[in-house]
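Below, each chain spelled out in residue letters.
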Amino acid sequence: MFPDAPESSAQLLQGLNPEQLAAVTWPPQSALVLAGAGSGKTRVLTTRIAWLLQTRQAGVHSIMAVTFTNKAAKEMQTRLGAMIPVNVRAMWLGTFHGLCHRFLRLHHREAELPASFQILDSGDQLSLVKRLLKSQNIAEEIIAPRSLQGFINAQKESGLRADKLEAPDPHTRRMIECYAEYDKICRREGVVDFAELMLRSYEILQRNDILRQHYQNRFNHILVDEFQDTNKLQYAWLKLMAGDSAAVFAVGDDDQSIYRFRGANVGNMTALMHEFGIDAPIKLEQNYRSVGNILAAANAVIENNDERLGKNLRTDAAAGDKIRYLSAPSDFEEAQFIIDEAKSLHREGWPLSEMAVLYRSNAQSRVIEQALFRAGVPYKIYGGLRFYERQEIKHALAYLRLAVNPDDDNALLRVINMPPRGIGARTIENLQTASAEQGISLWQAACNAGAKAAKTAAFVRLIESLRNQVGQLSLPEILAGILKDSGLIEYYQTQKSDHQDRLDNLDELVNAAIEFNPEESNFEILPDNIAAADPAFPLLAFLSNAALESGENQAGQGEDAIQLMTVHASKGLEFNVVFLTGMEEGRFPSEMSLAERGGLEEERRLMYVAITRARKRLYISMAQQRMLHGQTQFGIVSRFVEEIPPEVLHYLSAKKAAFASFDTPKPRSDIRAAETYQAAKTYGGFKIGQNVRHPKFGTGVIIDAVDKGESARLTINFGKEGVKELDTKYAKLEAV
DNA sequence: CGGTTATCGATTTTT
DNA sequence: TCGATAACCG
């Protein structure tokens, strides 16, 4: 089946540098590959799999490859397919959650789950939590739904069930009780949240010797991408899957660990080394992406972090352009600058799609977006609400879920009165009381109540007839049918606003159903897979897919547009031109992160990620004045900019611009002009928003002032030195 | 029941 | 500022 092994494997390894070659052809032992940004990480990972297969050291069935995102999994799959003729689908290649899902479908009996179990996405999870709090009569002020949701997920991701938890205080005790109740509801309704997919799989492996041994025998090679992002539970799961014999080949970069806030544990990297007998990591330090000056900046910034495994990127590329830095008078002018620059680069022939505007938080995108819109420059924003999160899509899917499992209370509540069919809060409350009293699902309660309540009975009939179609009609037929029969389409047609978008999305959903191929989903198609024989199989597969896939694989591609996204969202991407915006103390590094232990270092890693996205040209900008949350905020330049060696920076009219704006404030064309003017009042010769220098504290910005006649009391933000209150009578302040 | 007003709060996010 | 969510009234 394979071409002659030695020859073709030489071809496979062609063009790898010595570090990469060492990693790819590492003996069948565990390894940690420290792969810097742009060092060919994905290539190493995929080539190693291809090499293992081609040299027959491993068969497809004995390899597991894990990623975090569907995108990364898909990319590995395609790249692997291009390298070597192999049935990649037979391999366990996918996301942590995708593989756990597959595992639970295969072993749903051991997992004590119904064959038709459904996956809750975070929105579903939140509504379940809210429902639970209401039923327990716990006010939102006592326990916020989101905090309970976070609590439950955090516990699950540490591998802890409610009965294992100890309460240090009464408040936590209530949370633990809610956690226990939450799991009970999930079991009753046959639903599983994201963290549960992992935890349940882990527990089965732990408790079931036969299964554990089966998988430990099966997988000889476990390859993990973005290992620095794994959480405690994922690491424990990997350990169980690996057992004593499998070689874990983990690729990651501790300098790009930016997801601690959602449970990622960089400590897993050193833990892996200790527990899997790895003496030293393999370092990939040759960077193939960025020009010298950009790399120098990245290295210089990240060197300020203490807790590192140690790694320094190098490149053969020329120094290239210097990093262009602009201190703009306002967010408005910062945006304008970016647009002018992007337009001129575009005229020079750079595609817009090769330019990215990065910001720390989503709220910062608005100014830039508006400016782009006015200038007529096409742009694409990442990170809006996803296709499968839209309400009309969730409504439609809820009907499908009821078709598969009517006991899914979440789904029932979502659509029992959507479109409005006269079943109001009162009726629903009655159903909920009945369900709680008799320990039955809302659906069963609705069936019982049918005789008395005509409207409820009509809904029950609607769902019944839907259920009868399962196995009779095809998935798209069922979907299109229920959209019509339920009145959902008609409802949106009669709505005044944003109806067309929603109708288009529903059409899109039907299209997705037509094109959906269950065999390509997360299910492993095996002759003995009971799920695959179920008449509801296409529906189940489609729904699982919708929950696990964000669904913006091909959305809006084609047009040449500037890419707007948060720094987080940019991880893993690269662009010829990057505009790194909003580089102000308090925004980046974010004020909130400074309060957390290790927060500053994580922000710095984020900065490192941002810088290393750029191939050829990097712009860094800050706004001395920014409109945020309806208020004008004054800021000074981020300490991270000051960590960049001056010799790789090129200053663009920074100080001139600063003076110009405050000495001669020009009326701005938008409504905010009035507020801009207010900042021009002087206090002891200084103005709010002005930059000043203090002999001891350095440079700062005046954020507030109280006039005291002769002198003034100024509140000044000195960045690293903190916020000080100084009197102009005593403090030696000079304007900058 | 369903639309309208008031209130709150606000990094980062994948599955 | 703006958006989501909750109480409120017709």
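Residues numbered from 1 in each chain as written. Chains lettered and ligands numbered in written order. Predicted model: local features only at pLDDT ≥ 70, side-chain atom pairs only at ≥ 80, totals over all residues. Heavy atoms only, no water.

Defined as follows: UniProt positions are given in the numbering used here, feature names are shortened, and annotations may be inferred rather than shown by experiment.
For chain A, the name recorded in an unreviewed UniProt entry is DNA 3'-5' helicase, with Bergeriella denitrificans as its organism. The annotation that UniProt attaches to chain A under Sequence similarities (unreviewed entry) is "Belongs to the helicase family. UvrD subfamily."

Quick notes on the side chain of Ser435
Operational definition: Helix and strand definitions here come from DSSP, where helices need a minimum of 4 consecutive H or I residues and strands a minimum of 2 consecutive E residues; each element is numbered from the N-terminal end. Each residue gets one of three labels from its accessible area relative to the maximum for its type: buried under 20%, exposed over 50%, partly exposed in between, using a 1.4 Å probe on protein chains only. When checking whether two residues touch, look at their non-hydrogen atoms; a contact exists if any pair is within 4.5 Å.
The residue Ser435 is located in helix H18 (residues 425-438) in this model. Ser435 gets classed as buried once you look at its relative accessible area, which sits at 11%. When near neighbours in sequence (up to four residues on either side) are disregarded, Ser435 contacts Ile440, Ser441, Leu442 and Ala445.

Observations regarding the UniProt feature "domain: UvrD-like helicase ATP-binding" (unreviewed entry) in chain A
In the numbering used here, UniProt assigns the feature "domain: UvrD-like helicase ATP-binding" (unreviewed entry) to residues 14-291. Secondary structure content for residues 14-291 is 49% helix and 12% strand, while the C-alpha to C-alpha distance between its ends is 24 Å.

Overview of the protein's contact with DNA strand B
Operational definition: We define proximity as follows: a residue is near a molecule or strand when any one of its heavy atoms falls within 4 Å of that partner. Counting of polar contacts relies on pairs of N or O atoms within 3.5 Å, with two restrictions inside protein: one atom must be capable of donating a hydrogen and the other of accepting it, and residues adjacent in sequence are counted only when both atoms are side-chain atoms. Three residue categories are used. Nonpolar comprises Ala, Val, Leu, Ile, Met, Phe, Trp, Tyr, Cys and Pro, charged comprises Asp, Glu, Lys and Arg, and polar comprises the others, including Gly.
Around DNA strand B, the surrounding shell holds 32 residues, and the nearest of these are Arg360, Asn362, Gly424, Ala425 and Thr566. Near the protein, meaning within 4 Å, the atoms of DNA strand B are sugar or phosphate in a fraction of 56%, with bases accounting for the rest. With respect to DNA strand B, the backbone of Asn70 contributes an N or O atom lying 2.8 Å from a phosphate oxygen. For DNA strand B, a base oxygen lies 2.7 Å from a polar atom in the side chain of Arg360. Listed by contribution, the elements that provide at least two residues to the surface near DNA strand B are H18 and helix H27 (591-595). Per-element accounting of the surface near DNA strand B gives the leading share, three residues, to H18. Class assignment for the residues of the surface near DNA strand B results in nine nonpolar, 17 polar and six charged.

A look at helix H9 (residues 194-207)
A turn of α-helix holds 3.6 residues, and therefore any two residues three or four places apart point the same way. Rule in force here: By this rule, a helix spans an expected 1.5 Å times one less than how many residues it contains.
The terminal C-alpha atoms of H9 lie 21 Å apart, and with 14 residues this matches the ideal 20 Å at 1.5 Å per residue to within 8%. Most of H9 is tucked away, with 11 of its 14 residues classed as buried. Within the span of H9, buried status applies to Ala195, Glu196, Leu197, Met198, Leu199, Arg200, Ser201, Tyr202, Glu203, Ile204 and Leu205. Of the residues that open H9, the one with a side-chain oxygen 3.0 Å from the backbone nitrogen of Ala195 is Asp193.

Some details on the nonpolar core
Put simply, the rule reads: Here, the term nonpolar core denotes a set of buried Ala, Val, Leu, Ile, Met, Phe, Trp, Tyr and Cys residues that are joined through side-chain atoms within 4.5 Å.
Grouped together as the largest cluster of nonpolar side chains are 66 residues, with contacts concentrated most on Met64, Leu148, Ile222, Phe227, Trp237, Met241 and Leu272. Discounting chain neighbours no more than four positions away, the residues touching Phe227 are Leu32, Tyr235, Leu238, Ala250, Val251, Gly252, Asn268, Met269 and Leu272. Residues Tyr388, Ile423, Leu509 and Ala546 belong to the second largest nonpolar core, which totals 52 residues.

So, the protein's contact with DNA strand C
The environment of DNA strand C is made up of Glu140, Arg366, His629 and Gly630. With respect to DNA strand C, the side chain of Arg366 contributes an N or O atom lying 2.9 Å from a phosphate oxygen.

A few points about helix H15 (residues 365-375)
Let me state the cut-off plainly: Regarding the arc, it is the one traced by the directions from the helix axis to the C-beta atoms.
Taken residue by residue, H15 has Ser365, Val367, Ile368, Ala371 and Leu372 as its buried positions. The buried residues of H15 occupy an angular sector of 165° when the element is viewed end-on, so they sit on one face. Looking at H15, the residues exposed on the side facing more than 90 degrees away from the buried face are Arg366, Phe373 and Arg374. Looking at the buried positions of H15, the neighbouring elements they touch are helix H14 (331-347), strand E10 (355-359), strand E11 (379-381) and strand E12 (562-566).

Points about the packing of helix H5 (residues 96-106) against helix H11 (residues 232-242)
In plain terms, the rule: Comment: axis = line fitted to C-alpha atoms, over the contacting stretch for helices; angle = value between 0 and 180 degrees taken between N-to-C directions. Between 65 and 115 degrees an angle is taken as roughly perpendicular, under 35 as roughly parallel, over 145 as roughly antiparallel, and anywhere else as oblique. Note: crossing handedness is left-handed where the near helix turns anticlockwise from the far helix by less than a right angle, and right-handed where it turns clockwise.
H11 packs onto H5 with a crossing angle of 55° between their chain directions and a minimal axis gap of 12 Å. When the axes of H5 and H11 are compared, the pair comes out oblique. Remark: the crossing between H5 and H11 carries left-handed chirality. Listed contacts from H11 to Phe96, His97, Leu99, Cys100 and Phe103 of H5 are Gln234, Trp237, Leu238 and Met241. Residues that form the contact of H5 with H11 fall into these classes: seven nonpolar, two polar and no charged.

What about the sheet that holds strand E7 (residues 247-252)?
As a reminder, the rule being used: Any two strands with at least two DSSP bridges between them are considered paired.
Read from one edge of the open sheet, six strands run E3-E2-E6-E7-E1-E8, paired in parallel fashion. Two strands in the sheet have a free side with no partner beyond their single neighbour: strand E3 (92-95) and strand E8 (282-284). Taken over all neighbouring pairs, the strand axes of this sheet differ in orientation by 15° on average, direction set aside. Where strand E2 (residues 63-67) meets strand E6 (residues 221-224), four bridges bridge the pair, whose relative direction is parallel. Bridging across to E6, Met64 finds its partner in Ile222. Against the sheet, helix H4 (residues 70-83) touches E2 and E3, its axis set at about 150° to E3. Packing against the sheet, H5 makes contact with E2, E3 and E6, and its axis sits at approximately 120° to E3.

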